[in-house]
Amino acid sequence: MEAQAHRPAGVARGGEDPFSGSDVVPIRLGDTLIARITQAIHDGRLKPGDALPSEARLAASFGVSKPIAREAIRQLAAMGVVNIQQGKVTRVQALDAAPLDRFFRFAVRGRRTGLTEAVELRRILEPPIAAHSAERRSAADVERLDFILARMEAALGDVPRWIEADLDFHEAVAASSGNRLLDFQIRGLRPVIREVMEIFNSREARTAADWRKTYQRHVLVVDAIRAGDSAAAAGAMNKHFEAAEAAIAELATLREGDHDQDDRAGP
C-alpha cells in the first residue's frame, strides 16, 4: 500500500511507465512550425505560387531538426496547403477540394452503406445551398448555370457527357452560394457523386421522356436562383432529389451488395 502511494505519476503497476519512449517535443515543434507557416499564408506574407524555404533553412529558422521540418511540410501538403514536386521547390498553392476528395473516397469505400450515406449527405446539403445561391448569385453565376444547362440539354441520353455536365451543374450552384466551405464540400464529393450518377444513369429503362424530366428539374432550380427566390430554389432542389431518391438508393444498395460479394470472394 505504501509503495503504491509513493508510485510516481505516470508509472503503471509493476513499475512500467505507460508513456515511456514517447517524446512529445518533436510533435509540438512540428505543430508550431505548421502554425507559423499557415499564419504567414493567412496574413499574406506567403501567397499561392510562392516558394517555401528549403527544409534546411526552415529547420535553422525555427530551431528544429530537418526531419521535423520535412514532416511539417508533408502534413501541409496532405492538407493541400503546399505542393511538393520531386526535384523542385515546394510552393504554396491555393486551397482546393483535393484533400476532401481523397477523404470522401476513402470514407465511402470504408463502409458497406457508403454510397447510400453519400446520397443522404447530398440531400441534406444541396437544398440549403440552392437557397443561398438564390440570395447571393451574381449575373456571372446565372450565366454559368445557363451555359451548363445548355450542355446538359445537348447531352440528353449521352451518359458520359451528361454526368460531366451534371457534376458541373451542382458545383456551380455551390460556387454561387457565396460560401467557400460549401463550395469545397460539393467539389470534394465529386468522385462519390460521379459513382452515384453512373449507377443512376446507366439504367436500361430510361426513356427520352425520363431524360427530359430530369433536365427540367435542373431548369427549375436555375429559374428559382435567377429569380432570387430562396424558398423556391430549395424546394426545386428538394424535388429533384425526391424524384431520383428511391431509384438511387435502391441502385446504390445493389452496388454496395456487389462490393460485399467481391469482398467475400477474396483476391
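Computed from a predicted structure; not experimentally measured.

(A) Summary view of the overall build of the chain. A count of helical and extended segments in the chain gives twelve helices and two strands. From first element to last, N terminus to C terminus, the chain shows the α and β order α-α-α-α-β-β-α-α-α-α-α-α-α-α. By residue count, 37% of the 267 residues in the chain fall in the buried class. A sequence separation of at least 24 residues applies to 68% of the contacts in the chain between residues at least 6 apart. With the model as given, the accessible surface of the chain reaches about 15400 Å², and the carbon-plus-sulfur share is 54%.

(B) Looking closely at empty space enclosed by the protein. Per the stated rule, a full pass over the model turns up two cavities of 30 Å³ or more. Considering only enclosed or pocket space, the second largest cavity measures out at about 30 Å³ in volume. Lining the second largest cavity are Ala118, Val119, Arg122, Leu189, Val192, Ile193 and Val196. A per-class count over the lining of the second largest cavity returns six nonpolar, no polar and one charged.

(C) Local environment of the packing of helix 8 (residues 159–175) against helix 11 (residues 208–227). Look at helix 8 against helix 11: their axes get within 12 Å of each other, and the N-to-C directions meet at 20°. As far as their axial angle goes, helix 11 and helix 8 are roughly parallel. Here helix 8 runs over helix 11; the crossing is left-handed. Each of Val159, Trp162, Asp166, Phe169, His170 and Val173 in helix 8 lies in contact with helix 11, whose residues at this interface are Trp211, Thr214, Tyr215, His218, Val221, Val222 and Ile225. The class makeup of the residues in the contact of helix 8 with helix 11 is nine nonpolar, three polar and one charged.

(D) Highlighting the packing of helix 6 (residues 114–136) against helix 9 (residues 180–188). Running from amino to carboxyl end, helix 6 crosses helix 9 at an angle of 140°, the nearest separation of the two axes being 11 Å. One element, helix 6, and the other, helix 9, form an angle in the oblique class. The two elements helix 6 and helix 9 cross, and the hand of that crossing is left-handed. Contacts between helix 6 and helix 9 involve Leu121, Leu125, Glu126, Ile129 and His132 from the first element and Leu182, Gln185 and Ile186 from the second.

(E) Spatial organisation of the confidence of the model for the chain. In this model, the chain carries a mean pLDDT of 82, and residues with pLDDT of at least 70 account for 79%. Here helix 1 (residues 2–5) stands out as the element of the chain with the lowest mean pLDDT, 46, in contrast to helix 7 (residues 139–154), whose mean of 97 is the highest. Counted against residues more than four places away or in other chains, residues 17–22, with its pLDDT under 50, gives seven contacts. Below a pLDDT of 50 lies the segment residues 260–267, which in the model reaches one contact outside its immediate sequence neighbourhood of four places, other chains included.

Definitions and limits used
- Think of each chain on its own: its residues are numbered from 1, step by step along the sequence as written.
- Only residues with pLDDT of at least 70 are given local features in this predicted model, and only at 80 or more are side-chain atom pairs given and counted; all residues enter the totals for whole chains, interfaces and linings.
- Excluding hydrogens and water, the side-chain figures rest on all heavy atoms present in the structure.
- Working definition: helices are DSSP H or I runs of at least four residues, strands are E runs of at least two. Numbering for both runs from the N terminus.
- Relative accessibility thresholds used throughout: buried, under 20% of the residue-type maximum; exposed, over 50%; partly exposed, between the two (1.4 Å probe, protein chains only).
- Whether two residues touch is decided by their heavy atoms; if any such pair falls within 4.5 Å, the residues are in contact.
- Using a 1.4 Å probe, the Shrake-Rupley method yields the accessible areas, and only the shown protein chains count as cover for residues.
- Definitions used throughout: a 1 Å grid over protein atoms alone; a cavity as a set of points that fits a 1.4 Å probe which cannot get out; a pocket as an open set with protein on both sides within 12 Å along at least five of seven lines; a lining residue as one with an atom within 4 Å of a point.
- Grid points are joined across faces, edges and corners, and a volume is the space filled by probe spheres set on the points.
- Amino acid classes used here: Ala, Val, Leu, Ile, Met, Phe, Trp, Tyr, Cys and Pro are nonpolar; Asp, Glu, Lys and Arg are charged; the rest, including Gly, are polar.
- Orientation is described by axes fitted as lines to C-alpha atoms, over the contacting stretch for helices, and by angles from 0 to 180 degrees between their N-to-C directions.
- Throughout this description, any angle smaller than 35 degrees is read as roughly parallel, any larger than 145 degrees as roughly antiparallel, any in the 65 to 115 degree range as roughly perpendicular, and the remainder as oblique.
- Here a crossing is taken to be left-handed if its near helix is turned anticlockwise relative to the far helix by less than a right angle, and right-handed if that turn runs clockwise.
- The predictor's confidence in any single residue is recorded as pLDDT, a number from 0 to 100.

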